[in-house]
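Here are the chains, one letter per residue:
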Amino acid sequence: MMASGTTGTKLICVAVCLGLWCTTRQVASSLSGTSAIVVNENGYDNVAVAIKPGVTPNNELIEKIKVMFSEASVLLYRATHHRLFFRSVTIFVPKTWPHHSSYHSQSKLVYANSDVVIESSSGRSASPPYTRQHRGCGKEGSNVNFMDSFLLDPNLRNNYASLGHILLHEWGHYRWGLFDEIPTDVNDHFFFSSLTKQFEGSRCSANITGKPMKLDDDGISQRECYGNSSVGFEVDCRFVPTESQHKATSSVMYGLGKYDTVTDFCDSDPTNVSTLHNHEASNQHNRLCDRQSNWDVMKKHTDLKDGSNPPREFRDESELLPIFNIVQQNDSKLVLLLETSRKMLGEPLERMMSAVTAFILQEAPIGASIALMRYHNVADRLIDGFTKIQSDEDRQTLVSVLPTNPYGHTSVGDALYKATVMLEDYSVDTTGDRILIINANAGNQFPDIDYTKSRVLSANVIVDAVVITQNAEPELFTITELTGGTVYYDTPDSGSVGSMVEAMKRSLDRYDVIDDEKRFQVLGASLRVPPEGSEEKLVYIDSTIGRDTQFAVSWVLDSSVVAPVVTLIDPSGSSLTDSYPGHSNNTELGLSSYHVQGHALEGPWKVVIGNSDASRSVEIHLSVTSATRNPDVPPITVTSAMNELSNNFQATNESLTIYAEVKQGYRAVVNADVTALVSIPELLDPVEVRLLDNGAGADITKHDGIYSGCFTNYTVDGLYGVGLKVENDGAAELTDFAASLSPPRTVGSNSNSAQSDGTFQRLRARAVGNPAPIFKRLVSAGAIRMTGVPPTGTDELPPGKITDLRVVGTSYEDKTVELEWTATGDDFDSGKAKLYELTRGANVDAFLAGTGTIPILQSDIKYGNLIDPKPSGSTETFTVLVPIDAGVSSFAFSVAAQDDVGLKSPPSNVVFVTVREYIPTAPFPTTPAQDASSPMTTEPTVTISIPYTTVKPILTRTEVIVIGVISSAGILTAIIISAVSITKYLLNSKVVPSRPVSKASTDSTREFLGKKDWEGGSMKMVDLELQGMESEI
């Protein structure tokens, strides 16, 4: 078995690989982390699995993970034509678990950057596995998520595929950026195929067998649909795959059904029908991947690109089984690198010292191990070894050695090298240890970063950076990206959301402790208080936080600065002043703070900062942190990412794409108001960019809690800091994103009974309507360094691609198709485009081949204006006139936008629509007895070919009695009642035209069908039915 043969400009939303480092470390897997996966001799190494700290200790869980990866490795090898398998997997167990002799304490991987995450199902039902994908087709996802109970309880997996099959499916999402190949909307379950000339169920491959089924009002039972493959099926009819699949071998991305034979990814090779991609089907993969097959997308990934990792044969399947390493890591350490070159003299040094002091005294958590170093011409240690913070004395010890006298030049390379050496001197394993470097000036002394980079990378440490001027070292963006770190831009500009304190706090964030043991950033902002004036800031303490709450105000240390007066007003209106027990004020260190006693009141708190100095303003930084109010109620959290940390505009012509994920525990927060605040060089006030979770433009999936947006307002080369303002004023809702992925259902091969597996429909991100708590957050998202920015007034960015073109209605009578999409902008998602180019073709192939399409003119449009696009983010609606034939007419559409200088967006997704003369409907009312008499007589296989059966009318018991009485009264009366019954038959067995329809359209269709289609057989059936009833009575 093992030796057998094998069978223009765009928006980029993924981090890049730089230099030769891609051969040893793969960049980009999570919103805030970096995957370390590499491929060695066809095998994936460094695959990391993290068991979250809330999961109950259970060695059986570890064994299930091993079984899952072992089975998936064999399946992966087969599905990739003998090119890839899992070679080594590291499983991180929480520090809260009892230690076991088989656990190791060292690893070259980082817990926080795991590829697969195992979450606790405590307090909620087990959701199916899922992968968060926010970067688009062909781009790696965030991580694969499993629930512990899903792995442990076989009853929860009775109707799913095996664990190995499930992991293979999710790996397609995570590693290669594939999407599901099942319908995501009930109206997408069937389409009229230009190849078979009949209605087909949306599936991939076409060998998947199933039945047209209608879900009853109870949402549980189902029946076969009325209609057939020639005329189509009734409204809301769904293609439901059968339990067993005997012919199909693809596609793995079709779903999680219990199909042992479905082990291949679909391909575009026409010689292999069993794996041939169904490019006509309506599904998320075809929409987002321009109807490419799985393999067409996979072959563009570095795993398989240009013949990488050619087929390799093994003697036995046992050689495909991965090696497992179970790791329980020690606490990580932090080295703070402080620039003290002579260029730091004055405000930069004072601002840095103020922030570092505030962090050490107020924010550094108990148990943190911190070392302090300074750098100028060379780097040196401010204190021997690491200080583990366990008391106020430890904090004072660190503050007492902070440098005050800047001198010399700047050697950033020497600083990073010696910080790495210090970590190695005090750690057996430096993996996951952090270096945070605060920098204001580019290095001008040997060694530079390039010279010392290899030493830093080999230590597997994570480098974060805070840059505090526009003159900062540009190579810091490279080293942070390579190590999985983040760059923050701290500026004293009023309104900015950069924070050295927040950056230092994040560097010590522990991913292996439960939320109840953490303090979360609620707000971080810089303010300028005018002379003899005051500034106020509202901070909302919501219902999920409020314990261990701290308001801290720091200011630049300068003997001429008069210390500001800070007053805190709680939601009840009570003022907290200097006499409050939790207040501390240290003018020598430039720090004033309020530690709220007990639980902080829920609601808006007001921070009032007064400046009594009549001669000068004072720059302050406000930081608010708080812990969970109730250990059983998770807090609202905000995490962020950007597509790049450094970007040369002339080389890439890309926008800055900003992502923010808003969650409460495992639940996504949807309909929140999310705004990015971008600090622009030479401008005092930040520019606002709204981030959306609407499944359009930069956003991939609607209502998954990940908000996306593009910033295009570049003005000059330099550093652009990004903050996030996230608010809920009552409109936001909570959705269990994982549970919403799959209301699973199949149908038996010889029955209509509903079965549960993972295939029926993975309706992504369906909001459940639970209200989210009122909250506000203001946090830093990092920074990007832009170069090659074009001169002001030039337009080099095209409109963004429209990704959500959809059909919302058809009318046979009016000969129209109604289209909708989300408006794009002049520059990607910003502004307003100048015009649209709408195109029509006979089918999808016309667009794929680039021939046979025609432009739609304004005269072809009944509603909508091609030369008057709406602002970006608005819903566009166009009603297009189409040439209708008798019976069934099919069309494909695509749209592109153009800006005022002629730059065009890429063509949108292609939609396929069929306009029908009439649509079958079930008789009304439906009874269980009638459902048992199925109108469908043949199970579809490769195509759906099911004869249409005319449905008998329903007569009530009263009608039967009346008929009996009348029959005894005379033939004339019977004839009259027969006419009444026939009229009722026609009304109950109506066939309606395509939606949307008018009353006139419905009436005319009824009249048409009554005169033509229903003559003969239908009338005879009514007569026979009445005769039978009369004879019985």
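Calculation criteria
Residues numbered from 1 in each chain as written. Predicted model: local features only at pLDDT ≥ 70, side-chain atom pairs only at ≥ 80, totals over all residues. Heavy atoms only, no water. Helix = DSSP H or I, 4+ residues; strand = E, 2+ residues; numbered from the N terminus. Core = buried A, V, L, I, M, F, W, Y, C linked by side-chain atoms within 4.5 Å. Buried < 20%, exposed > 50% of the residue type's maximum accessible area, 1.4 Å probe, protein only. Contact = heavy atoms within 4.5 Å. Phe/Tyr/Trp six-rings, centres within 6.5 Å; stacked < 30°, edge-to-face > 60°. Disulfide = S-S within 2.5 Å. Salt bridge = Lys/Arg side-chain N within 4 Å of Asp/Glu carboxyl O. Pairing = 2+ DSSP bridges. Axes fitted to C-alpha atoms, helices over the stretch in contact; angles between N-to-C directions. Right-handed = clockwise from strand over helix to strand, strands pointing away.

Notes on unusual backbone geometry
Here's step 1: In this model, Ser250 is joined to Ser251 through a cis peptide bond whose omega is 15°.
Here's step 2: Here Ser251 is to be found in the loop between strand E15 (237-241) and helix H4 (284-288).
Here's step 3: In the segment running from Phe446 into Pro447, the intervening peptide bond is cis, with an omega of 0°.
Here's step 4: Within the fold, Pro447 resides in the loop between strand E21 (434-439) and helix H9 (449-458).
Here's step 5: Unlike most non-glycine residues, Arg291 shows phi in positive territory, near 65°.
Here's step 6: With respect to the helices, strands and loops of the structure, Arg291 is situated in the loop between H4 and helix H5 (294-298).

Quick word on the nonpolar core
Here's step 1: In this structure, Ile51, Phe69, Phe146 and Phe265 are the most contacted members of the largest nonpolar core, which totals 52 residues.
Here's step 2: The set of elements that each furnish at least two residues to this core consists of strand E3 (47-51), helix H1 (59-79), strand E5 (88-92), strand E6 (116-119), strand E8 (144-147), helix H2 (148-152), helix H3 (163-176) and H5.
Here's step 3: By residue number, the principal contributor to this core is H1, which donates nine residues.
Here's step 4: With residues near it in sequence (within four places) discarded, Phe146 still touches Met68, Val116, Val117, Ile118, Glu119, Pro129, Leu151, Ile166 and Leu167.

Section: the packing of aromatic side chains
Here's step 1: Evaluated as defined, the whole model comprises 24 aromatic pairs.
Here's step 2: Each ring, one from Phe92 and one from Tyr111, has its centre 5.8 Å from the other, and the planes form 70°; the classification is edge-to-face. In this pair, Phe92 is assigned in strand E5 and Tyr111 in the loop between E5 and E6, connecting sequence segments 19 residues apart.
Here's step 3: Owing to a relative accessible area of 1%, Phe92 belongs among the buried residues under this scheme.
Here's step 4: Of the aromatic side chains, those joined through ring pairs into one cluster are Tyr44, Phe69, Phe86, Trp171 and Tyr174.

Considerations on the state of the cysteines
Here's step 1: All told, the structure shown has two disulfides when counted by the stated rule.
Here's step 2: Each sulfur of the disulfide joining Cys137 and Cys289 lies 2.1 Å from the other. Taking the sign of the S-S torsion, 115° for the link of Cys137 and Cys289, the bridge is right-handed. With a gap of 152 residues between them, Cys137 in the loop between strand E7 (130-131) and E8 and Cys289 in the loop between H4 and H5 connect regions that are remote in the sequence.
Here's step 3: Here Cys289 falls in the buried class, since its relative accessible area comes to 1%.
Here's step 4: Two residues share a disulfide in this structure: Cys225 and Cys237, whose sulfurs sit 2.1 Å from each other. Negative torsions about the S-S bond denote left-handed disulfides, and the value of about 105° found for Cys225 with Cys237 makes this one right-handed. You can see Cys225 sitting in the loop between strand E12 (222-224) and strand E13 (227-228) and its partner Cys237 sitting in strand E15, a full 12 residues away along the chain.
Here's step 5: Judged by relative accessible area, which is 4%, Cys237 ranks as buried.
Here's step 6: Cys204 takes part in no disulfide bond, and the closest cysteine sulfur, belonging to Cys266, lies 3.7 Å away.

What to know about the pattern of salt bridges
Here's step 1: A complete count under the given rule lists 34 salt bridges for this structure.
Here's step 2: Across the salt bridge formed by Lys211 and Glu224, the nearest N and O atoms sit 3.8 Å from each other. Highlighted residues: Lys211 in strand E11 (residues 210-215) and Glu224 in strand E12, separated in sequence by 13 residues. An identical accessibility class is assigned to Lys211 and Glu224; each is buried.

Quick look at the sheet that holds E3
Remark on secondary structure: sheet strands pair via backbone hydrogen bonds, oriented parallel or antiparallel.
Here's step 1: Strand order in the open sheet formed by six strands is E7-E8-E6-E3-E5-E16, and the pairing between neighbours is mixed. Only two strands of the sheet have a single neighbouring strand rather than two, namely E7 and strand E16 (323-327).
Here's step 2: The pairing of E7 with E8 spans two bridges and is antiparallel. Bridge pairing in E8 places Thr131 opposite Val144.
Here's step 3: Docked against the sheet, H1 engages E3, E5, E6, E8 and E16, running at close to 150° with respect to E3.

Some details on the sheet that holds strand E50 (residues 861-863)
Here's step 1: The strand order E46-E47-E51-E50 describes an open sheet built from four strands, whose pairing is antiparallel. What marks the edges here is a single partner per strand, and that holds for strand E46 (806-811) and E50. Recorded for the sheet is a direction-independent mean angle of 30° between the axes of neighbouring strands.
Here's step 2: As defined by bridge partners, E50 adjoins strand E51 (residues 875-881) across two bridges and the pair is classed as antiparallel. In the strand pairing of E51, Tyr863 is matched with Thr879.

Comments concerning the pairing of strand E22 (residues 462-467)
Here's step 1: The buried fraction of E22 is high, at six of six residues.
Here's step 2: Here E22 shows a buried face lined by Ile462, Asp464 and Val466 and a second buried face lined by Val463, Ala465 and Val467.
Here's step 3: Relative to E22, E21 runs parallel, the two sharing six bridges. When the bridges of E22 are listed, Ile435 appears paired with Val463.
Here's step 4: Read as a crossover between parallel neighbours, the route from E21 over H9 to E22 is right-handed.
Here's step 5: Since E22 and strand E23 (residues 487-489) lie parallel, the crossover through helix H10 (residues 476-483) that links them has a hand, and here it is right-handed.

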